[in-house]
Amino acid sequence: MTNSAEGREILVGIDPARDCHMLLAWAADEAHRRRLPLRLLVAVPAQHHIEHVDASPHMMAQRQEGARALEVAASWVRERHAAIEVATDVLDGRPAQILIRLSDRARMIVLGSRHLSRTEEFLSAGSLVVPVSAQARCPVVVVGDAEHVTQEPPYLVVGVDGSEPSKAALALAFGEASLRGAALRALWVWQPPSPKDEPSLVQTQRTLLSETVAGWAEKYPDVALTHEVPVGHPVEELARAADHALAVVVGRRGDGGYMGMRLGSVVHGLLHRAHCPVITVPVR
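A. Structural context of the pattern of salt bridges. Per the counting criterion, the structure on display carries 15 salt bridges. A salt bridge links Glu-236 to Arg-273; the nearest nitrogen and oxygen atoms lie 3.1 Å apart. Note that Glu-236 is positioned in helix 8 (residues 234–241) and Arg-273 in helix 9 (residues 265–273), a separation of 37 residues in sequence.

See below:
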């Protein structure tokens, strides 16, 4: 298995039926900062619902539509960053399965949000966000369709809870903040056993948070770091802190179940609640 830190390309899932400029901009800028090639993909799933009919003309039309969309997308990327190496592929198969398979050799995957309901995410054959975020072997970035207003000076948010997934998220978050010249807000969200315990336990949580990020802060002295221990629900507090962030970074527990239904509740919640890009980081 290829370690995500050694991946040599950024993969972008393109939907020919949708405006992809926001995720293309995010992916192109990331490739430019990291000096990595960009690979734009369109997947054409088999038409299993068509019975007793030759589906090949339909699939051929979809491939042609995908190839045209990729040509336009690649041209747009090159206009934004002329030096980026851009490759395009139209592949046969379910989009989620293809991206999960290719994640072994990728530095990260960038997707657009379909803004589906939770039920639609699980049941839609075209759903990408949940299964890929749950099962990819590299970080996955989900970028919304609408332009996101960021704050100056720029900052990122990372969720910390002392677990191995959150340590993986810290590693990526510090690297992203350093590359972007941005500050980093590290949040350890928790709920005290009872209100009377809150004052004394908040300090304990702050100490744990400080100890958890100490090594990374020393490695990235250029990153302005703040420690925050808000009390509340992790999804709501992280989303609130990231309202004007460049991105919110969270770790992923486990490898995901069937179609990603075991995606952690915090990650799943942020994918539906956060306005900024959400970066999900697997443990390697």
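B. Layout of the nonpolar core. Within the largest apolar cluster, 49 residues are counted, with the highest numbers of intra-cluster contacts made by Val-12, Ile-14, Leu-38, Leu-40, Val-110, Val-158 and Val-249. Setting aside residues no more than four positions away along its own chain, Val-110 makes contact with Ile-10, Leu-11, Val-12, Gly-13, Leu-23, Trp-26, Ala-27, Val-141 and Val-143. Residues Leu-99, Ile-100, Leu-238 and Leu-263 belong to the second largest nonpolar core, which totals 38 residues.

C. Spotlight on the environment of Gly-269. By the element assignment, Gly-269 lies in helix 9. For Gly-269, a relative accessible area of 5% corresponds to the buried category.

D. The pairing of strand 4 (residues 108–112), seen in detail. Of all the 5 residues making up strand 4, 5 are buried; the element is thus mostly covered by neighbouring parts of the structure. Neither face of strand 4 is open: one carries Met-108, Val-110 and Gly-112, the other Ile-109 and Leu-111, and all of them are buried. Pairing geometry for strand 1 (residues 10–13) and strand 4, over 3 bridges, is parallel. Following the sheet pairing, Ile-10 is matched in strand 4 by Met-108. When strand 4 meets strand 5 (residues 140–143), the two strands line up parallel, connected through 4 bridges.

E. Local environment of the sheet that holds strand 10 (residues 278–281). An order of 3-2-1-4-5-10-9-6-7-8 is seen for the 10 strands of this open sheet, with the pairing classed as mixed. Across the chains shown, the open sheet's two edge strands, defined by having one partner strand only, are strand 3 (86–92) and strand 8 (225–228). Strand after strand, the sheet turns through a mean of 20 degrees between neighbouring axes, direction not considered. The strands touched by helix 3 (residues 95–102) are strand 1, strand 2 (38–44), strand 3 and strand 4; relative to strand 2, the strand with the most contacts, the crossing angle is about 145 degrees. In this fold helix 8 packs onto strand 6 (155–159), strand 7 (183–187) and strand 9 (248–251), with an angle of close to 170 degrees to the strand it touches most, strand 6.

F. Seen up close, the packing of helix 8 against helix 9. The geometry of helix 8 relative to helix 9 is characterised by a closest axis approach of 9 Å and an angle of 45 degrees between their N-to-C directions. One way to sum up the angle between helix 8 and helix 9 is to call them oblique. Handedness of the helix 8/helix 9 crossing: right-handed. Residues Pro-234, Val-235, Glu-236, Leu-238 and Ala-239 of helix 8 lie in contact with helix 9, whose contacting residues are Ser-265, Val-266, Gly-269, Leu-270 and Arg-273.

G. Fine view of the packing of aromatic side chains. Evaluation of the coordinates by the stated rule reveals 2 aromatic pairs. Note on Phe-174 and Tyr-220: the rings are 5.8 Å apart at their centroids and 15 degrees apart in plane angle, and the pair reads as stacked. Remark: Tyr-220 occurs in the loop between helix 7 (198–219) and strand 8 and Phe-174 occurs in helix 6 (residues 164–180); sequence separation between them is 46 residues. Just as Phe-174 is buried, Tyr-220 falls in that class too. When the ring of Trp-216 is compared with that of Tyr-220, the centres are 6.4 Å apart and the planes differ by 20 degrees; the resulting orientation is stacked. Every member of this aromatic cluster is reached through a ring pair, and the members are Phe-174, Trp-216 and Tyr-220.

H. Here's a closer look at the pairing of strand 2. Extensive coverage of strand 2 is indicated by the burial of 6 of its 7 residues. Relative to strand 2, strand 1 is paired through 4 bridges, and the arrangement is parallel. Paired with Leu-11 across the bridge in strand 2 is Arg-39. Of the crossover connections in this fold, the one passing from strand 1 over helix 1 (residues 21–34) to the parallel strand 2 is right-handed.

I. Seen up close, helix 8. Of the residues making up helix 8, those classed as buried are Val-235, Glu-237, Leu-238, Ala-239 and Ala-241. At its buried positions, helix 8 is contacted by strand 6, strand 7, strand 9 and helix 9.

J. How the structure looks around unusual backbone geometry. In this structure, Pro-153 follows Glu-152 across a cis peptide bond, with omega equal to -5 degrees. Along the polypeptide, Pro-153 turns up in the loop between strand 5 and strand 6. The phi torsion at Arg-35 lies on the positive side, around 55 degrees, for a residue other than glycine. By relative accessible area, Arg-35 is classed as exposed at 75%.

Rules used in this analysis
Residues numbered from 1 in each chain as written. Predicted model: local features only at pLDDT ≥ 70, side-chain atom pairs only at ≥ 80, totals over all residues. Heavy atoms only, no water. Salt bridge = Lys/Arg side-chain N within 4 Å of Asp/Glu carboxyl O. Helix = DSSP H or I, 4+ residues; strand = E, 2+ residues; numbered from the N terminus. Core = buried A, V, L, I, M, F, W, Y, C linked by side-chain atoms within 4.5 Å. Buried < 20%, exposed > 50% of the residue type's maximum accessible area, 1.4 Å probe, protein only. Contact = heavy atoms within 4.5 Å. Pairing = 2+ DSSP bridges. Axes fitted to C-alpha atoms, helices over the stretch in contact; angles between N-to-C directions. Parallel < 35°, antiparallel > 145°, perpendicular 65-115°, else oblique. Left-handed = near helix turned anticlockwise from the far one by under 90°. Phe/Tyr/Trp six-rings, centres within 6.5 Å; stacked < 30°, edge-to-face > 60°. Right-handed = clockwise from strand over helix to strand, strands pointing away.

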